[in-house]
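These are the residues of each chain, in order.
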Amino acid sequence: SPARELTQNPLQKTWEPYDNGLPAGHSAQRGVCMTNCPTLIVMVGLPARGKTYISKKLTRYLNWIGVPTKEFNVGQYRRDLVKKYKSFEFFLPDNEEGLKIRKQCALAALNDVRQYLSEENGHVAVFDATNTTRERRETIYKFGEENGYKTFFVESVCVDPEVIAANIVQVKLGSPDYVDCSNDEATEDFMKRIECYKNSYETLDETLDKDLSYIKIMDVGRSYLVNRVMDHIQSRIVYYLMNIHVTPRSIYLCRHGESELNLKGRIGGDPGLSVRGKEFAKSLAQFINEQNIKDLKVWTSQMKRTIQTAEALGVPYEQWKVLNEIDAGVCEEMTYEEIQENYPLEFALRDQDKYRYRYPKGESYEDLVQRLEPVIMELERQENVLVICHQAVMRCLLAYFLDKPAEQLPYLKCPLHTVLKLTPVAYG
Amino acid sequence: MSAAPRHGGPRRGRSGALRGGEKKCSWASYMTNSPTLIVMIGLPARGKTYVSKKLTRYLNWIGVPTKVFNLGVYRREAVKSYKSYDFFRHDNKEAMEIRKRCALVALEDVKAYLLEECGQIAVFFVESVCDDPEVIAANILEVKVSSPDYPERDRENVMDDFLKRIECYKVTYQPLDPDAYDKDLSFIKVINVGQRFLVNRVQDYIQSKIVYYLMNIHVQPRTIYLCRHGESEYNLVGKIGGDSGLSPRGKQFSQALKKFIEEQEIVDLKVWTSQLKRTIQTAESLGVTYEQWKILNEIDAGVCEEMTYAEIEAKYPDEFALRDQEKYLYRYPGGESYQDLVQRLEPVIMELERQGNVLVISHQAVMRCLVAYFLDKSADELPYLRCPLHTILKLTPVAYGCKVETITLNVEAVNTHRDKPSLNACVDEFSLPAAADGLRLGSGVVRGGSGQRLLLVAGRRGGFSLVSADFVCVLQVFGAGQDQGVPKLCRHQRGRRWVQFAPLALGTCWRQQWERRRLCLALFMK
C-alpha cells in the first residue's frame, strides 16, 4: 500500500499523515512518549518530612514539561470531612473513629485519582499521605494494578530534629488545623501527632520491598536509594528529585536592557542595547551591588543584548545558547504590523493558541519549554542566580516558578527594565 | 572552548581547553567547579571497565574531556606475562608491591592529566556490586576470555582461574559504607546491574549528570539502526537544509527500508524521526507507529538555509572558508554548529540508552553526531564521518564497544559528503624578529595545532604578527605585500619546536568584532 500523504498542521507546523482528508494515527508528536500508562506516585513518610513540599514541587515541574499531573492531599480530604480539628488524639493508633475517617478519606482520594487518570486524561497522580505502613501501601499498589497504573513510591526519611522543627515552623503553624492555637501549642500538638505514627512506621526496605519501584530520600537529599526505575517518566522524576534542594536562596529574572530593535518595534534579531538599555544595565549593576548577594551566578543568552547587559555588571557570567529568545523564523526582525500584512494567517493563528503556535521555520512556546528544561534543572541545583534573558524565555521560566498553566504562560507580564526576585517560601 | 568571549570567564586552567590534544570543551565543562576524579570500586567482573569506558565516551561526547586510567593496563606493562590467579592472592607480597606501585604511577598520570595549575579535585566513587552468579559468568565470557591475560587458554580454564582471582579479592573487599565509615564521601553504588542505586552526597553538576547517565544505561542486548531520510528534492539540486519532500528515488529507498526492517524481524522496534517532512515521509512507508522529535531536526544553517554550497561560497566566502577550517565549532550565522547539535541531541542519546531496539531516521549532521557517540569519534572526526544517503548503520553493543555493520540498500542517491579540504602547509624557516610589534588585539586568539595559544598582534605598519601567548615570542609576520597568509609551519624561538598554525575558530560575537579586520581574516583563511 502506498505511503500516506502528509499535511502540515498550520498551527504547530508539524507534518501529519492523513487519510481521505482526515488526520490518521501512527505518529506521536512529543519527543518521547512520556507515559505509556498513567503513573501513580505515592508519597511515604512521617509528618513534617517534606512530602507535601515534594508533591507540589514535582507536580509543578511535571505540568510545566507538559505531563498533566495532579496532587491529591489526603490531609485536605480529612479537613473537608472533619470540619474542626481538635487535637493530635485524632491520630492515636487506637482511635477507632479516627481510623475509620482517615481510611474513608484515603479511599475518597484514590477514587478521585482514578477519575483523574482514567477519565480525565491525567498522566500522573501524586498521592500525598503518610502511607507509613506496608499494609496501606499494598492496598494502594493493588489499586494501581487493577486500574493499569504504574506505581512509584517516594519516601522521605529524616531524623534531624532541627529540620523537623524548621518544617513545622514553615508550614504547620500556619495550617488550618492550628488556626486558633498559639505557636507553642501547635508545635507541641504536632510533635505528639508525629509520635502517633512512629510505632507503626515501616520504612521501605531493601529486601521486603525489593520488587517495588521507589526512591528513598534521606536527610533532605544527602543520599538516595533508588530501586527498579521502570520507565522514562520515573527516570525523569528521580533525576529531578535528586537535583532539588531546600537551601534558602533567591533567583533574579530580568530581560536584557532595551535594544535598538525594541525601539523600532521589531521582534527577534541580534541587536545591541539602545541608550536607555545601557542605562538600565548600569542601574542593574547598582541594584545587584546593593542586594549584597552571596556567590551570585549570572547567566545570559548568547545574544548580544543580554551579554551587553551582563557586561555592565563587571562580574563573571555564563552564556547559554538555550536562553536565546524564541526563534520567530520568517518573521524575525519584522514589526507586528509587517507580520500582519505579510502573513495574516500566521498572525491570526498565533492569537488563537499562542502557546502551541510555531512560527514558520521558527519555534513555539512549547518548543521553548522543552529547550529550557536543562536551565530549570540547573537552576534547581544552584543557589543565588541572576538570569538575564528575553521576553518569551522569561515567561517560560516564570511560569515554572509561579506554577502558571500553558494558557497563561504566553501572556505573563515581563516588561523591560524590571527585575523579578523569586524566593522559595513554604510550598511556593 | 566556546566560541564567544566571556568577561573574566570561568577559570580555564584546569579545563581541557588549552592542553595539547585540543579538546573541544562544550558548555557542560563549565558547570564543574573543579576537575573530577571518578574512582571505580568493585570485585573483578562487576562491569567496572565497561562502565568506565562507556562513561568516558559519554562525557567526551558532551564535551567534558575525560580519560580512563585502567590499572590492569599498568599492571600488564609492569608484569609482562600473566601466569595465574596466584598473582592476586592477598598474601602474595611481591605482587602486592607491584600492584601498589602501579596504582601510584597511575595516580601520577591522573594528576598530570587533571591539573595544569594547583587546584582541587573532586572525587566521586562509582561502586558496582553484584551477587548474581549468572551475570558474573556472562561478564567473564564476554570480556575476560579474550583478555590479554588469557591469550590461548580454553574457556574452562579461563573461567576457573578468573573465579579464583575474584576469590582473592573477596577476602579483603570493603564495600562503601554509607551509614558510617564512608558517609561523607560522594558516591553511587550500582547494585545488580542497575536494579538498585545508592547515591550519596552528589556535589555538583557533573556528578549529577554521571548519576543520571548511570541510572539510564542497561546491558540488555539490543540493536540500534541509524539512517538518513530518503533522498530529498533538495538533495537532488544540492540545496542544504529546508523542509523538502522525498524525490522518487527517496521514495524507493523508503520502500526498500520497509522490506529491510521486515526481514530483520526486530522485536518491539521503536521508530523515531525528526519533525521535517523528509524523515516523516520515510517513516510513513514503514507502516508502523513512529515518534517525531523536533530535536532530531537537521542542523540549522541559518542564513545559508536552502542554498547550495556554490551559492554559499559566492555569497558568504568568509563563512564558507571558516566552516572548512573548524567544522565542529563553526556556527552558521543565525544557525547552529555541530557543537550546538551535540548539546541538542543529548536527550536523544539518554533515551536511546534507556530503550531497546530503535530505528532513528534522521539527517546527515545529526546522524554524524549520533554515530560519533556510539563509535567514540572525536570532535575533529565527527563532522567528516561518512553517513551517505540510503545507507543504514546497524549498531550492536558488544563487550566494551559497539559492533557496526553498514548496509547499503541498492537505491542510488546523490552524494552529499564533503571531505575536509587540505591545507597547504609549507615547511619553511622564517627568521624571527626579537620583539612583538604594536598593539595587542586581546580577543584575537588563534589555536595552534598542538594546542598552543597564539595571539594575533596588529603591527604599526598595517601588518600582523603572530605571537605565542605562552612563550611571548614572535613566530611569524604577515603584512601588506607579504606572503598572503597561507598557513605555514612556524618555529618557536625558544624551544625550537615546529608549530603548525591552524586558523581561527570563530563564533558569532567575534565575527562582529572582526568586521573591520575582514581582510586580515581572509589572509588566514586559505
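Not measured: the values here are computed from a predicted model.

The next thing to look at is the overall build of chain B. Scanning chain B from terminus to terminus reveals 15 helices and 16 strands. The buried share among the 526 residues of chain B stands at 54%. Sequence-distant contacts, at least 24 apart, represent 64% of the contacts inside chain B between residues at least 6 apart. Accessible surface for chain B amounts to roughly 23,900 Å². Of this, 51% is attributable to carbon and sulfur atoms.

What follows concerns the packing of aromatic side chains. Inspection of the entire model under this criterion finds 26 aromatic pairs over all chains. Ring centres of Phe 91 of chain A and Tyr 197 of chain A lie 6.0 Å apart, and the angle between their planes is 35 degrees; on these two criteria the pair is classed as tilted. Pair noted here: Phe 91 of chain A is in the loop between helix 2 (74-81) and helix 3 (96-119) and Tyr 197 of chain A is in helix 6 (residues 183-198), with a separation of 106 residues, a long-range link. Side by side, Phe 91 of chain A and Tyr 197 of chain A carry an identical accessibility label, which is buried. Taking 5.8 Å as the distance between ring centres and 35 degrees as the angle between the ring planes, the aromatic pair formed by Phe 88 of chain B and Tyr 169 of chain B counts as tilted. With Phe 88 of chain B in the loop between helix 2 (71-78) and helix 3 (93-114) and Tyr 169 of chain B in helix 5 (residues 155-170), this pair connects stretches of sequence that are 81 residues apart. Among the aromatic residues, those joined into a ring-pair cluster are Tyr 85, Phe 90, Phe 91, Tyr 178, Phe 190 and Tyr 197 of chain A. Looking at Lys 239 of chain B, its charged tip hangs above the ring of Tyr 234 of chain B, at a distance of 5.9 Å from the centre.

Attention shifts here to the UniProt feature "active site" (unreviewed entry) in chain A. Residues and elements named next belong to chain A. Under the UniProt annotation, the feature "active site" (unreviewed entry) is placed at His 256 and Glu 325. A maximum C-alpha distance of 10.7 Å is found for the annotated residues, which run over 70 residues; spatially they form one tight group. Position of His 256 among the secondary structure elements: in the loop between strand 11 (251-255) and helix 8 (260-264). With residues near it in sequence (within four places) discarded, His 256 still touches Asn 262, Phe 280, Arg 305, Thr 306, Thr 309, Ile 388, Cys 389, His 390 and Leu 416. Here the side chain of His 256 touches Arg 305 through a polar contact of 3.4 Å, side chain to side chain. Its location among the elements puts Glu 325 in the loop between strand 13 (318-319) and helix 11 (336-342). Apart from the residues lying within four places of it in its own chain, the contact partners of Glu 325 are Met 303, Arg 305, Glu 363, Arg 371, His 390, Gln 391, Ala 392 and Val 393. Only 3.2 Å separates the side chain of Glu 325 from the backbone nitrogen of Ala 392, close enough to count as a polar contact.

Turning our eyes to something else, we now look at the interface of chain B and chain A. The partner chain A presents 57 residues to the 55 residues of chain B that form the contact. Here chain B and chain A share an interface that buries about 4,700 Å² over both sides, 48% of which is from carbon and sulfur atoms. Summed over the shared surface of chain B and chain A, the number is 2 salt bridges. Residue Arg 196 of chain B is joined to Glu 206 of chain A by a salt bridge in which the shortest nitrogen-to-oxygen separation is 2.8 Å. Taken together, the links from chain B to chain A amount to 16 residue pairs in polar contact (both at pLDDT 80 or more). With 7 residues, helix 6 (residues 205-216) of chain B is the single largest residue contributor to the side of chain B that touches chain A. Its residues placed into classes, the side of chain B that touches chain A shows 21 nonpolar, 16 polar and 18 charged. The pairing of strand 10 (residues 223-227) of chain A with strand 4 (residues 196-200) of chain B spans 5 bridges and is classified as antiparallel.

Residue and element names in this part refer to chain B. Two elements in contact, helix 2 and helix 3, have axes whose closest approach is 9 Å; the angle formed by their N-to-C orientations is 120 degrees. Put simply, helix 2 runs oblique to helix 3. Where helix 2 crosses over helix 3, the two elements pack in a sense that is right-handed. Between helix 2, through Leu 71, Tyr 74, Arg 75 and Ala 78, and helix 3, the contact on the second element is made entirely by Ile 98, Cys 102, Ala 103, Val 105, Ala 106 and Asp 109. A per-class count over the contact of helix 2 with helix 3 returns 8 nonpolar, no polar and 2 charged.

Residue and element names in this part refer to chain A. By the assigned domains, chain A splits into domain 1 (37-240) and domain 2 (249-420). For domain 1 and domain 2, the distance between their C-alpha centres works out to 37 Å. Counting residues at the interface gives 8 residues for domain 1 and 13 residues for domain 2. Carbon and sulfur atoms supply 65% of the area that domain 1 and domain 2 bury against each other, a total of about 980 Å² over both sides. It is Arg 60, Trp 64 and Tyr 240 that lose the most area in domain 1 upon contact with domain 2, and together they represent 70% of the buried surface on that side. One salt bridge connects Glu 373 with Arg 236, and the closest N-O pair in it is separated by 3.4 Å.

Turning to the sheet that holds strand 14 (residues 385-389) of chain A, a few remarks are in order. Residue and element names in this part refer to chain A. Here we have 5 strands laid out as an open sheet, ordered 13-12-14-11-15, and mixed in their pairing. Taken across any chain shown, the strands that pair with only one partner, and hence form the sheet edges, are strand 13 and strand 15 (419-422). Where strand 11 and strand 14 come together, 5 bridges link them in parallel fashion. From the neighbouring strand, Ile 251 faces strand 14, where its bridge partner is Val 385. Strands in contact with helix 9 (residues 275-291) are strand 11, strand 14 and strand 15; relative to strand 11, the strand with the most contacts, it is inclined by about 170 degrees.

Turning to the confidence of the model for chain B, a few remarks are in order. Residue and element names in this part refer to chain B. Mean pLDDT for chain B: 77, with 73% of residues reaching 70 or above. Throughout residues 1-26 the model reports pLDDT below 50, and contacts reaching past four residues in sequence, or to other chains, amount to 82 contacts. What the predictor reports for the complex is a pTM of 0.84 with an ipTM of 0.91.

All names here are of chain B. With respect to the helices and strands, the residue Lys 420 is situated in the loop between strand 10 (401-408) and strand 11 (440-447). Assessed through its relative accessible area of 47%, Lys 420 is described here as partly exposed. The spacing of Lys 420 and Asp 324 is 96 residues in sequence and 6.4 Å in space, taken between C-alpha atoms. Excluding anything up to four places from it in sequence, Lys 420 contacts Asp 324, Gln 325 and Tyr 384.

Scoring rules and cut-offs
- Residues numbered from 1 in each chain as written.
- Chains lettered and ligands numbered in written order.
- Predicted model: local features only at pLDDT ≥ 70, side-chain atom pairs only at ≥ 80, totals over all residues.
- Heavy atoms only, no water.
- Helix = DSSP H or I, 4+ residues; strand = E, 2+ residues; numbered from the N terminus.
- Buried < 20%, exposed > 50% of the residue type's maximum accessible area, 1.4 Å probe, protein only.
- Contact = heavy atoms within 4.5 Å.
- Areas by Shrake-Rupley, 256 points an atom, 1.4 Å probe, with all protein chains shown as cover.
- Phe/Tyr/Trp six-rings, centres within 6.5 Å; stacked < 30°, edge-to-face > 60°.
- Lys NZ or Arg CZ within 6 Å of the ring centre and 35° of its normal.
- UniProt positions renumbered as here; feature names shortened; annotations may be inferred.
- Polar contact = N/O pair within 3.5 Å; in protein donor to acceptor, adjacent residues only side chain to side chain.
- Buried area = accessible area lost by both parts, 1.4 Å probe.
- Salt bridge = Lys/Arg side-chain N within 4 Å of Asp/Glu carboxyl O.
- Nonpolar A, V, L, I, M, F, W, Y, C, P; charged D, E, K, R; others polar.
- Pairing = 2+ DSSP bridges.
- Axes fitted to C-alpha atoms, helices over the stretch in contact; angles between N-to-C directions.
- Parallel < 35°, antiparallel > 145°, perpendicular 65-115°, else oblique.
- Left-handed = near helix turned anticlockwise from the far one by under 90°.
- Domains from an automatic or database assignment.
- pLDDT = per-residue confidence, 0-100.

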